Amino acid sequence: MIASLVPGSLPRAGGSLLPEIVSSELPNGLQILAAADASAPVVSIQYWCATGSIHEGRWLGAGLSHLLEHLLFKGTPSRGNSGMAREIQDLGGHLNAYTSFDRTVYYADLPAENWKAALAILTDAVQHSLIPAEEFEPEKEVIRREFAMGDDNPDSVLMKLAFRTVFTTHPYRFPVIGHIDLFNRLTRDDVVSYYRERYAPQNLTLVVCGAVDAQAVADEAARLWKEEPRRFLPDVTLPPEPAQQSPRAVRRPFPTEVTRLALLHPIPGFHHPDIPALQLLAVILGGGRSSLLHQLLVEKEGLAEEVDAFAYAPGQAGLFGVDARCQPQNGDKVAARLREELQRFAEKGPSQAELDRAQRLCLTQQIQQLKSMSGKASAIGGGWRVARDPRLSQTFLDRLQAVTVADVAAAARRYLDPRTESLVELVPQEKEAPAAAGAPAAAAEPPLPQKLAAATPRSLYLPQDRLPLFTLRAALPGGLLSQPEGKSGLCRLASQLLLKGTKRRSAEEIAREVESLGGSLSADSGNNSASLHLELLSQDWETGLELFLDVLTEARCDAKELEIERRKHLAAIALEQDQPMALARDLVRGALYPGHPYAHGILGAAAEVAALTQKDVADYVASAFRRPEWVLGVAGPVPPEKWMESISRRAAFSGGTPPVLPPLPAFPGKGPIRVFKETPKEQAVLQIVFPTVPAAHPDQIPLSLIAEALSDLGTRLFVRIREQLGLAYFVSATRFLGAAGGYFCFYAGTDPKKKELVEAAMLEEIAKLAEGGLTAPEIERARAKLLSEEQIDSQNPGGVVAASALDELLGLGYDEAPRRRARLRALTAEEINAACRKYFGTQEFVVATVSPA
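The written sequence of each chain sets the order in which its residues are numbered from 1. Only residues with pLDDT of 70 or above have their local features reported here, since the model is predicted, and side-chain atom pairs are shown and tallied only from 80 upward, although totals for entire chains, interfaces and linings are computed over all residues. Calculation of side-chain values draws on the structure's entire complement of heavy atoms; hydrogens and water are dropped beforehand.

K.L.:
Explain the environment of G52 residue by residue, including any values.
P.N.:
Helix and strand assignments follow DSSP, with helices taken as H or I runs no shorter than four residues and strands as E runs no shorter than two, numbered in order from the N terminus. Position of G52 among the secondary structure elements: in the loop between β3 (42-49) and α1 (64-71). Judged by relative accessible area, G52 falls into the buried class, the value being 0%. Through-space distance from the C-alpha of G52 to that of H66 is 7.8 Å; in sequence the pair is 14 residues apart. Throughout, a contact is declared for two residues whenever any of their heavy atoms are within 4.5 Å. Setting aside residues up to four positions removed in sequence, G52 forms contacts with S65, S100, F101, D102, R103, T104 and Y194. When accessible area is computed with a 1.4 Å probe and restricted to protein chains, residues below 20% of their type maximum are described as buried, those above 50% as exposed, and intermediate ones as partly exposed.

Right, dumping it as structure tokens:
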């Protein structure tokens, strides 16, 4: 299909992917990295503290860094609890933080014209957090709910088990969140002492990237920090991990429907010269659908539903792993086959084509990270944290591209040693076997694609040359309402079959070809549509376009591939049984929409998916996806005159009639409906749901603002139920948008013993909302956030054309986004609060609870 590419033919990282970075250091040791980038009117402001869970000293294993992250924004002498989050939201921003093994990062993304005010807020928190005594125990209770969530998440449990098995001495053996028994013993004095010691200026780095003047950022930071002196900062000595001498194995029972396992090997830290080869080894073995292990175990042998590989080497020690998910009866076979293939690979090494594919994938993934200001700032901060090189993401790409076939083969032989293997398994409880051992840019409207006149099919184009990427997005008719009765999940299954072979290419050839180009090809389905998406380097656009059109127009529903995808589809349905939020959603759907296509989610019901035939899928692809209504979105530096003729010639579908949309059933009853499902989990999830109108209804605009006003830090739900009452770990709101109708959902996660209290508190807040509506500050905060989200999203041209293509497909018009923004700006308080009264001032709602008995 394509010629093999040698590493030297790939674009070099060079100095062009990141903007110019101005580096300075204040007298107190604070490092400032500022990058002016006027490509979008957005800025990301990040404070990086060189402290994480491995630096906790005598509190090691207690999760002290993570607890401090939660408490840092609880107030300063000049700002009260939740004040900082609200101030950032008032600026149109999004505030968040995370803790890892070796860092804690606090960041805000917002319109660039507000950078100075946001920098002052973040700096105030980092410098002057009070860690109020009255907030300490309530926040610890919040984190206890986070412990419960992690204990309910099998992937999280597997990774904790992996690190604890491989690392016996190094602090990586402790989870970032800590151990609950040690966490419970932490006092406020512990946190305050740790904060005052570790958050010294010389242990902090300020990273700013966006439409700002870099020198102005440095000057403002110097002003904000001029009163803060350098402080004593003891070194934290990290013990080296002893060399592993023999295999290890741990098997743990878990309340899940599938088996998860990982084969692990210790590797050196980031600075070791073998790390680039190990990174590429992971991509070759388990990165993508055309990777060696995915093709063998998932596609050809059908032993697993998912296989991945990773090389994790953040500091002085690391971990190479291959993890898989499979049916319980296949666990031992999967582990054995992984061992066989790893040893076979260690003996023979990779082909040049496999290495070329991996190098190009790494390059494309790095470019994709740099679409947003937040991604660029993270790359700059991460490079500085690891190697004192803000351009490390680019220099590491150069190291990757210099790796040879011999380098990867040598790394495989050196590190995939059976004597250093650790096998960790998470198995269903009922299947358990015996355990084994610049100046701010002026605010601008987000870009709008052009609609190409008289194009068939309807086509949108967004020119962009900031990054060398070419994006194709097909918005296809489909969704829940397009599925015949009794055939739920059909749209999703059919969308996945698009990638599983054409008249000229096998599924493996499609995967190998797109990944050898360093691209990503995906298909998906939603509530109201389906989609096909391709993104790759713009230099390869012609090859990519031919492949895209082949998949779109010539996909064949092969019986063997159908069974492979059906198996994975059924496994995904089973996997949702591990997710309390998904279980609650299914309870809601069944109660609101009995006998209607909306009664099931996108994946559908297992029995109905199991009964789908090859003819069902083939007919659906022909009748739903290949319809003249489909819409194409293109973004990149390649003008339409180069690609439009090929698309019109090959994909101007004709014929067929749109499906008849079945009406929604009336609400089943005169008052609230309560539904319950018992699960063996550590947490309870509640959803309180009110029916609403179709996705295209004008009321969805005020409803979107109401949802935004209730779904972030500092909102009335969050403050009342989590902060003041300490009843829930998370509490928020969301919407289901369907062409025939939808619903508005309030949800929370809590201690099972508190679920009745949480329900009562949520209903009380909903009643207040119906009666009094939102306040003027709440409305303005939510309005600013929604508008800023569009600015932030506009950094990704592929996302912009995807959204416009979907709007065009659903009859809203490709230019719905600017109309929606204008409507958001014009919404009055009375219109918004009228929607509160209309939709929440009723007794026709559903309360769904998923909880242990």
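K.L.:
Can you tell me about the sheet that holds strand β5 (residues 104-111), naming the residues and giving the values?
P.N.:
We call two strands paired when DSSP finds no fewer than two bridges between them. The strand order β1-β2-β6-β3-β5-β4 describes an open sheet built from 6 strands, whose pairing is mixed. If you trace the sheet from one side to the other, it starts and ends with β1 (21-25) and β4 (94-99), each paired once. Pairs of neighbouring strands in the sheet enclose a mean axial angle of 15°, with direction left out of account. In terms of strand pairing, β4 meets β5 through 6 bridges, oriented antiparallel. Axes here mean lines fitted to C-alpha atoms, for a helix over just the part in contact, with angles spanning 0 to 180 degrees between N-to-C directions.

K.L.:
Outline the packing of helix α25 (residues 716-724) against helix α26 (residues 755-772), listing residues and values.
P.N.:
α26 packs onto α25 with a crossing angle of 150° between their chain directions and a minimal axis gap of 11 Å. With respect to their mutual orientation, α25 and α26 come out roughly antiparallel. The two elements α25 and α26 meet at a crossing, and its hand is right-handed. Contacts from R716, L717, R720 and I721 of α25 reach α26 at A761, M762, E764, E765, K768 and L769. When residues are sorted by character, Ala, Val, Leu, Ile, Met, Phe, Trp, Tyr, Cys and Pro go into the nonpolar class, Asp, Glu, Lys and Arg into the charged class, and all the rest, Gly among them, into the polar class. Residue composition of the contact of α25 with α26, grouped by class: 5 nonpolar, no polar and 5 charged. Roughly parallel here means an angle under 35 degrees, roughly antiparallel means over 145, roughly perpendicular means 65 to 115, and every remaining angle is called oblique. In this scheme the crossing of two helices becomes right-handed for a clockwise turn of the near helix relative to the far one and left-handed for an anticlockwise turn of less than a right angle.

K.L.:
A description of the pairing of strand β6 (residues 204-210) should follow, citing residues and the corresponding values.
P.N.:
Regular strands place their side chains on alternate faces of the sheet. Counting buried residues along β6, 7 of its 7 residues qualify, which places the element largely inside the surrounding structure. What you see with β6 is no split at all: L204, L206, V208 and G210 on one side and T205, V207 and C209 on the other are buried throughout. With 6 bridges connecting them, strand β2 (residues 31-36) and β6 associate as parallel partners. Bridging from a neighbouring strand, Q31 pairs with T205 of β6.

K.L.:
Would you mind going over the packing of aromatic side chains in detail, with residue names and values included?
P.N.:
Two rings belonging to Phe, Tyr or Trp (six-membered ring only in the last case) form a pair when the distance between their centres is within 6.5 Å. Interplanar angles under 30 degrees mark stacking, angles over 60 mark edge-to-face geometry, and anything in between is tilted. The full count for this structure, using the stated rule, is 30 aromatic pairs. Ring geometry for F163 and F167: centres 5.9 Å apart, planes at 25°, overall stacked. For F163, a relative accessible area of 12% gives the class buried. Under the relative-accessibility criterion, F167 is labelled buried at 2%. With 6.0 Å between their ring centres and 80° between their planes, F690 and F746 make a pair best called edge-to-face. Here F690 is found in strand β19 (residues 684-692), whereas its partner F746 is found in strand β21 (residues 742-750), with 56 residues between them in sequence.

K.L.:
Please provide a residue-by-residue account of the environment of E830, values included.
P.N.:
Structurally, E830 can be placed in helix α30 (residues 829-840). Remark: the alpha-carbon pair of E830 and L774, spanning 56 residues in sequence, is separated by 9.5 Å. What qualifies as a polar contact is a pair of N or O atoms within 3.5 Å, subject to a donor-acceptor requirement within protein and to the restriction that residues adjacent in sequence count only when both atoms come from side chains. Of the polar contacts made by the side chain of E830, one reaches the side chain of R837; its length is 2.5 Å.

K.L.:
Explain the side chain of R566 to me, and be specific about the residues and the numbers.
P.N.:
Considering the arrangement of structural elements, one finds R566 in helix α19 (residues 559-575). For R566, the side chain forms a polar contact with the side chain of E563, separated by 2.9 Å. A distance of 2.8 Å separates a polar atom in the side chain of R566 from the backbone oxygen of L612. Apart from residues lying up to four places away in sequence, R566 is in contact with L493, V609, A610, A611 and L612.

K.L.:
Describe the pattern of salt bridges, with residues and values.
P.N.:
One side-chain nitrogen of Lys or Arg within 4 Å of one carboxyl oxygen of Asp or Glu is enough to make a salt bridge. Scanning the model with the defined rule gives 71 salt bridges in all. The salt bridge involving K74 is made with E723; its shortest N-O contact spans 2.4 Å. An identical accessibility class is assigned to K74 and E723; each is buried. Among the ionic pairs, K754 bridges to E141, the shortest N-O distance being 3.6 Å. Residue class for E141 comes out buried when judged on its relative accessible area of 18%.

K.L.:
I'd like a description of the packing of helix α27 (residues 776-793) against helix α29 (residues 816-826), backed by residues and values.
P.N.:
Close contact between α27 and α29 brings their axes to 10 Å; oriented N to C, the two are set at 160°. Considered as vectors, α27 and α29 are oriented roughly antiparallel to each other. The hand of the α27/α29 crossing is left-handed. Here α27 contributes R783, L786, L787 and E790 to the contact with α29, which in turn contributes A817, R820, R821, L824, R825 and A826. Broken down by class, the residue content of the contact of α27 with α29 amounts to 5 nonpolar, no polar and 5 charged.

K.L.:
Give me the lowdown on helix α18 (residues 541-554), citing residues and values where you can.
P.N.:
Here α18 spans 19 Å end to end across 14 residues, near enough to the 20 Å set by a 1.5 Å rise per residue. Burial of α18 is extensive: 10 of the 14 residues sit out of reach of the surface. Among the residues making up α18, those that are buried are W541, G544, L545, L547, F548, L549, D550, V551, L552 and T553. Multiplying 1.5 Å by the residue count of a helix minus one yields the expected span of that helix.

K.L.:
Summarise the side chain of H66; cite the residues concerned and give the values.
P.N.:
Here H66 lies in helix α1. Residue H66 is classed as buried on the basis of its relative accessible area of 7%. Ignoring any residue separated from it by four or fewer positions in sequence, one finds H66 in contact with T99, I143, E146, V176 and I177.

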